[in-house]
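Residues per chain are reported as follows:
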Amino acid sequence: MHSHTLVKKGQRVAATRAIPLVMKRASVERAAAIARTNGWVVDVLPLQSARVGLVITGNEVYQGLIQDRFAPILRAKVEALGSEVAAMDQVPDSAERIAATIHKQMEQGCDLLLLTGGMSVDPDDVTRHGIRRAGADPIHYGAAALPGAMLLVAYIGDVPLLGVPGCALHHPTTVLDLVLPRFLAGETIGRRELAFLGHGGLCQDCDRCTFPHCGFGKAL
Ligand SMILES: Nc1nc2c(c(=O)[nH]1)N[C@H]1C(S)=C(S)[C@@H](COP(=O)(O)OP(=O)(O)OC[C@H]3O[C@@H](n4cnc5c(N)ncnc54)[C@H](O)[C@@H]3O)O[C@H]1N2
Ligand code: MOO
């Protein structure tokens, strides 16, 4: 199976064959001992249940000029992975307000934050400034995957903050679907992990999305 594949309880994840008709017990025991001492052949990590905070940015949403479409999309993704949305705030394009909302949600006990919109390079795309102002370090801006190249991954202590680019509104599957389960499995995602997404990181935009049964996200 590919690395970083989301699996369900009871799903087959690996198989092998003993080719000879008869195997000596000692060889099997030796193989098991090698696997035990050298780590694992396959590692299946349980997903933790996170209290997720949603920070929906954008003046147009905050001022009610358009209706937010991000929260329902993200809520569905979060809940499908067994976590809950514990806080949701709409904030204008102000780095200060975004930073204050990050702190507020963390005080409310959120242990993973998703910030939407404002991830590009327009003057009013200030979400990354808000994340920096909140004290995040390190901050990794950009992922080797399409859709989702403008993903931002940051940490405040061990709380991950993900800047989710606008493409997640329009595409059923984006880089978020690749990294969210990995965060919930306790993995730390940094420059290396975001760069390695480039192997298999191009969504084919199929008429009918069959993810995860496709090449998207089959990173090393
Ligand atoms: N110079 C460059 N510009 C862009 C690049 C690039 O590489 N160079 N990449 C593009 C890519 S890829 C993406 S993805 C987008 C990311 O854009 P943003 O995350 O900044 O998205 P916004 O500008 O905030 O919004 C885009 C669009 O969606 C509407 N929107 C935003 N939030 C909501 C919401 N909660 N509910 C409903 N609709 C929402 C917003 O009004 C805009 O119309 O950047 C490209 N640009
Ligand atoms: O690369 Mo954007 O962040 O796809 O749509």
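The name an unreviewed UniProt entry gives the chain is Molybdopterin molybdenumtransferase, with Desulfacinum hydrothermale DSM 13146 as the organism. Checking UniProt for the chain, the heading Cofactor (unreviewed entry) contains the comment "Mg(2+)". Note on the chain: under the UniProt heading Function (unreviewed entry), the record states "Catalyzes the insertion of molybdate into adenylated molybdopterin with the concomitant release of AMP."

Caption draft 1: Region of interest: the pairing of strand β1 (residues 51–57). For β1, the buried fraction is high: 6 of the 7 residues fall into the buried class. In this sheet, strand β3 (residues 112–116) lies alongside β1 in parallel orientation, the contact comprising 5 bridges. Across the sheet, residue Val-52 finds its bridge partner in β3, namely Leu-112.

Caption draft 2: How the structure looks around the environment of Gly-58. As for its placement among the helices and strands, Gly-58 is situated in the loop between β1 and α2 (59–62). Taking the C-beta count within 10 Å as the criterion, Gly-58 has 22 such neighbours and is therefore assigned buried. Between the alpha carbons of Gly-58 and Asp-93 there is a distance of 5.2 Å; along the sequence they are 35 residues apart. When neighbours within four sequence positions are excluded, Gly-58 is seen to be in contact with Asp-93, Gly-117 and Gly-118.

Caption draft 3: Summary view of the site of ligand 2. Taken together, Leu-146, Pro-147, Gly-148, Ala-149, Met-150, Pro-165 and Cys-167 make up the full set of residues near ligand 2. For the shell around ligand 2, the class distribution of residues is 6 nonpolar, 1 polar and no charged.

Caption draft 4: Structural view of the pairing of strand β6 (residues 159–164). Extensive coverage of β6 is indicated by the burial of 5 of its 6 residues. In terms of strand pairing, β3 meets β6 through 4 bridges, oriented parallel. Residue pairing for β6: Leu-115 is matched across the bridge by Gly-163. Judged from the 5 bridges that link them, strand β5 (residues 152–156) and β6 form a sheet pairing that is antiparallel. Directly across from Ile-156, in β6, lies its bridge partner Val-159. Where β5 folds back onto β6 in an antiparallel hairpin, the turn is made up of 2 residues, including Gly-157, whose phi is positive at roughly 60°.

Caption draft 5: Representation of the UniProt feature "domain: MoaB/Mog" (unreviewed entry) in the chain in the model. Look at the UniProt record and you will see "domain: MoaB/Mog" (unreviewed entry) annotated at residues 53–185. Between the end C-alpha atoms of residues 53–185 the distance is 18 Å, and the span holds 34% helix and 24% strand.

Caption draft 6: Spatial organisation of the environment of Ile-189. In this structure, Ile-189 sits in the loop between α6 (175–184) and α7 (191–196). For the pair formed by Ile-189 and Asp-43, sequence separation is 146 residues and the distance between their alpha carbons is 17 Å. Residues within four places of Ile-189 in sequence aside, it is in contact with Val-153, Val-179, Arg-182, Phe-183 and Leu-194.

Caption draft 7: Up close: the sheet that holds strand β4 (residues 139–141). Within the open sheet, the 6 strands sit side by side as β2-β1-β3-β6-β5-β4. Their pairing is mixed. With one partner strand each, in any of the chains shown, β2 (84–91) and β4 form the two edges of the open sheet. Strand after strand, the sheet turns through a mean of 15° between neighbouring axes, direction not considered. In this sheet, β2 lies alongside β1 in parallel orientation, the contact comprising 7 bridges. Pairing of Leu-54 across the sheet is with Met-88, part of β2.

Analysis parameters
Residues numbered from 1 in each chain as written. Chains lettered and ligands numbered in written order. Predicted model: local features only at pLDDT ≥ 70, side-chain atom pairs only at ≥ 80, totals over all residues. UniProt positions renumbered as here; feature names shortened; annotations may be inferred. Buried ≥ 20, exposed ≤ 12 C-beta atoms within 10 Å, placed from the backbone. Helix = DSSP H or I, 4+ residues; strand = E, 2+ residues; numbered from the N terminus. Pairing = 2+ DSSP bridges. Contact = placed C-beta atoms within 7 Å. Near = placed C-beta within 6 Å. Nonpolar A, V, L, I, M, F, W, Y, C, P; charged D, E, K, R; others polar. Axes fitted to C-alpha atoms, helices over the stretch in contact; angles between N-to-C directions.

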